[in-house]
Amino acid sequence: MGEPVTGEVFLIGAGPGDIELITLKAVRVLKQADVILLDNLVNRDILNYVREGVTVIQVGKRGGKASCSQEEINTLLVQHAKSGKTVARVKGGDPFVFGRGGEEMEALAAEGIKVTVIPGITSGTAVPGALQIPLTHRHLAQSVVFVTGSTREGGKEPNWAALASSESTIVIYMGLTHIGTIAEKLIAGGLRDDTPSAAVQNGTLPQEVALLGPLTELVKDVELHHLESPTIFIIGEVVKTSPLWTRRRELIKKESS
Ligand code: SAH
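What counts, and at which threshold
- Residues take numbers from 1 onward in each chain, read along the sequence in its written order.
- This being a predicted model, a pLDDT of at least 70 is required before a residue's local features are given, and a value of 80 or more before pairs of side-chain atoms are given or counted; all residues contribute to the totals for chains, interfaces and linings.
- The basis for every side-chain value is the complete set of heavy atoms in the structure, and neither hydrogens nor water enter the calculation.
- Strands are runs of DSSP state E lasting at least two residues, helices are runs of H or I lasting at least four, and both sets are numbered from the N terminus onward.
- What makes two residues a contact is simply this: any of their non-hydrogen atoms within 4.5 Å.
- In this scheme, a residue with accessible area under 20% of its type's maximum is buried, one over 50% is exposed, and one in between is partly exposed, where area comes from a 1.4 Å probe on protein chains only.
- Two strands make a pair as long as DSSP finds a minimum of two bridges between them.
- As a rule, the C-alpha atoms of each element are fitted with a line to give its axis, helices using only the stretch in contact, and angles between N-to-C directions run from 0 to 180 degrees.
- Each angle is binned into one of four classes, with values under 35 degrees roughly parallel, values over 145 roughly antiparallel, values of 65 to 115 roughly perpendicular, and all other values oblique.
- Crossing handedness is defined as follows: a turn of the near helix away from the far one that is anticlockwise and smaller than a right angle gives a left-handed crossing, while the clockwise case is right-handed.
- Amino acids are sorted into nonpolar (Ala, Val, Leu, Ile, Met, Phe, Trp, Tyr, Cys and Pro), charged (Asp, Glu, Lys and Arg) and polar (every other residue, Gly among them).
- Throughout, near means a residue has at least one heavy atom within 4 Å of the molecule or strand.
- Throughout this description, a polar contact denotes any pair of N or O atoms lying within 3.5 Å of each other; where both atoms belong to protein, one of them has to be capable of donating a hydrogen while the other can accept it, and for residues adjacent in sequence the pair is counted only when both atoms sit in side chains.
- Note that accessible areas follow from Shrake-Rupley with a 1.4 Å probe, and for residues the cover is restricted to the protein chains shown.
- Each Phe, Tyr or Trp ring (for Trp, its six-membered ring) is paired with any other whose centre lies within 6.5 Å, and the angle between the two planes then decides the class: stacked below 30 degrees, edge-to-face above 60, tilted in between.
- Among buried residues, the Ala, Val, Leu, Ile, Met, Phe, Trp, Tyr and Cys ones that are joined through side-chain atoms within 4.5 Å form a nonpolar core.

Enquirer: Would you take a moment to explain the side chain of Thr122 for this structure?
Expert: Its place among the elements puts Thr122 in the loop between β7 (114-118) and α4 (123-130). For Thr122, the contacting residues outside a window of four places in its chain are Gly93, Asp94, Val97 and Tyr173.

Printed below as a string of structure tokens:
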């Protein structure tokens with residue numbers, strides 16, 4: 001018996017939630033995979049596209065608590081690939097937008113394992129799209145910024161004051177816990193406190209819930225209605241162009257939007 005042939009890893013973006021927002025390429029690769037490593041945010045319906053008898057490993061975080069550390073995930077990826085398997089590492093949205101895809105790619109490259117990235121539709125574009133909020137608009141926003149609201153695990157704090165004066169549309173991932181302080185920092189940096197804003201929980205899914213309103217009011221409404229993870233924030237003049245802006249300060253459920 002010779003050396004086992006090394007397998008390969010596909011870093012796959014599954015899209016924001018709605019199962020139809022996955023790419024054809026992702027579905028094709030899922031059908032070939034021997035081992036699937038799934039993040040928590042990934043719609044479980046993707047399992048309809050995998051072969052029978054594949055190994056499915058859940059590695060996501062639950063309630064903010066990692067069920068598997070990043071090192072453990074890296075090790076799993078390396079081990080399965082080295083045993084000759086085709087590994088599908090599936091993440092919510094896009095693997096390279098706040099998805100730790102970069103870290104996994106580096107760990108695999110260090111072991112000489114082939115990696116292919118299959119981009120996905122990130123929640124930062126899909127969710128505003130579903131709410132008919134254009135991220136850029138010729139007259140209202142010339143740029144858009146994707147920023148993390150969580151600086152846990154030693155991450156660097158974003159420069160909120162600089163973002164406040166950038167006149168960009170600001171899309172905040174993982175911002176739920178700190179949205180109050182984030183809003184204060186943006187306002188201290190010069191952003192108007194009535195800047196049109198939106199918070200969307202479970203965007204693109206049947207359980208989608210949205211709140212729109214002036215920034216300061218939105219922060220209060222998010223607490224009042226106990227929004228939960230995953231929630232994304234969109235802050236900027238573009239928010240008021242959505243047809244849903246007429247329903248600002250109302251809890252908007254998917255079936256009624
Ligand atoms: N790689 C993912 C982001 C992972 S970080 C992507 O590209 O979308 C996790 C954060 O993404 C959540 O805290 C939330 O802010 C956002 N998010 C992901 N899916 C979402 C959804 N369906 N609705 C609202 N926010 C979502």
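Enquirer: Honestly, the pairing of strand β12 (residues 231-235) in this entry has me stumped. Any pointers?
Expert: Every other side chain in a regular strand lies on the same face of the sheet, so the side chains alternate between the two faces. Where burial is concerned, most of β12 is hidden: five out of the five residues are buried. Side-chain alternation along β12 places Thr231, Phe233 and Ile235 on one buried face and Ile232 and Ile234 on a second face that is also buried. Of the strand pairs in this sheet, strand β9 (residues 169-173) and β12 are connected by three bridges, and their pairing is antiparallel. Bridged to Val171 within β12 is Ile234. Of the pairings in the sheet, the one linking strand β10 (residues 196-201) to β12 comprises five bridges and is antiparallel in character. Bridge pairing in β12 places Gln201 opposite Thr231.

Enquirer: How do you make sense of the packing of helix α2 (residues 70-82) against helix α3 (residues 101-110) when you look at a structure like this?
Expert: Packed helix pairs are characterised by how far apart their axes lie and by the angle those axes make with each other. As a packed pair, α2 and α3 sit with axes 10 Å apart at the nearest point and diverge in direction by 45°. As summarised for this structure, α2 and α3 are arranged oblique, according to the angle between their axes. Where α2 crosses over α3, the handedness of that crossing is right-handed. Touching Gln70, Ile73, Asn74, Leu77 and Val78 of α2 are Glu103, Glu104, Ala107 and Leu108, all from α3. When grouped by side-chain class, the residues that make up the contact of α2 with α3 number five nonpolar, two polar and two charged.

Enquirer: For this particular structure, what's the right way to read the site of the ligand?
Expert: Taken together, 18 residues form the shell around the ligand, and within it Val97, Thr122, Ser123, Gly203 and Thr231 come nearest. Taking Gly92, its main chain carries an N or O atom lying 2.9 Å from a nitrogen atom of the ligand. In this structure, an oxygen atom belonging to the ligand sits 2.8 Å away from a main-chain N or O atom of Asp94. Protein chains shield 93% of the accessible area of the ligand, which is 540 Å² for the free molecule. Mapped by element, the contributors of at least two residues to the shell around the ligand are α4 and β12. Classifying every residue of the shell around the ligand by side-chain character gives 10 nonpolar, seven polar and one charged.

Enquirer: What is the right way to look at the side chain of Arg89 in this model?
Expert: The topology assignment puts Arg89 in strand β6 (residues 86-91). Here Leu37 takes part through its backbone oxygen, which lies 3.5 Å from a polar atom of the side chain of Arg89. Residues in contact with Arg89, not counting those within four places in the same chain, are Val9, Phe10, Leu11, Ile12, Leu37, Leu38, Asp39, Val59, Ile73, Leu77 and Glu104.

Enquirer: Would you take a moment to explain the packing of aromatic side chains for this structure?
Expert: What characterises a pair of aromatic rings is the spacing of the ring centres plus the angle enclosed by the ring planes. One pass over the full model with this rule turns up two aromatic pairs. On the basis of an interplanar angle of 85° and a centroid distance of 6.0 Å, the ring pair of Phe146 and Tyr173 is categorised as edge-to-face. Residue Phe146 is found in strand β8 (residues 144-148), and its partner Tyr173 is found in strand β9; the two are separated by 27 residues along the sequence. Its relative accessible area of 8% is what places Tyr173 among the buried residues. Through successive ring pairs, a cluster of aromatic residues spans Phe98, Phe146 and Tyr173.

Enquirer: Help me out: how do you make sense of the nonpolar core in this one?
Expert: Burial of nonpolar side chains together is a common tendency in soluble globular proteins. Ranked by size, the top nonpolar core spans 22 residues in total, and within it Ile170, Ile172 and Leu186 carry the most contacts. Residue assignment for this core shows that the elements contributing at least two residues are β8, α5 (160-164), β9, α6 (179-188), β11 (209-214), α7 (215-224) and β12. What Leu186 contacts, discounting residues up to four positions off in sequence, is Trp160, Leu163, Ala164, Ile170, Leu191 and Ile235.

Enquirer: Looking at this structure, I do not really get α4. What am I missing?
Expert: Residues separated by three or four positions in an α-helix point in the same direction, a consequence of the helix having 3.6 residues per turn. Residues of α4 that are buried: Ser123, Gly124, Ala126, Val127 and Pro128. Among the structural elements, β8, β9, β10 and β12 are those in contact with the buried residues of α4. In the stretch just after α4, Gln132 is the one whose phi turns positive, near 60°.

Enquirer: I'm lost on unusual backbone geometry in this one. Help?
Expert: The bulk of non-glycine residues show a negative phi, and the bulk of peptide bonds are trans. In the segment running from Ser229 into Pro230, the intervening peptide bond is cis, with an omega of -5°. With respect to the element layout, Pro230 can be found in the loop between α7 and β12. Positive phi outside glycine occurs at Phe98, with the angle close to 50°. Checked against the element boundaries, Phe98 lands in the loop between β6 and α3. Using a relative accessible area of 39% as the deciding quantity, one classes Phe98 as partly exposed. Look at His226: it is not a glycine, yet its phi comes out positive at around 50°. Following the sequence through the fold, His226 ends up in the loop between α7 and β12.

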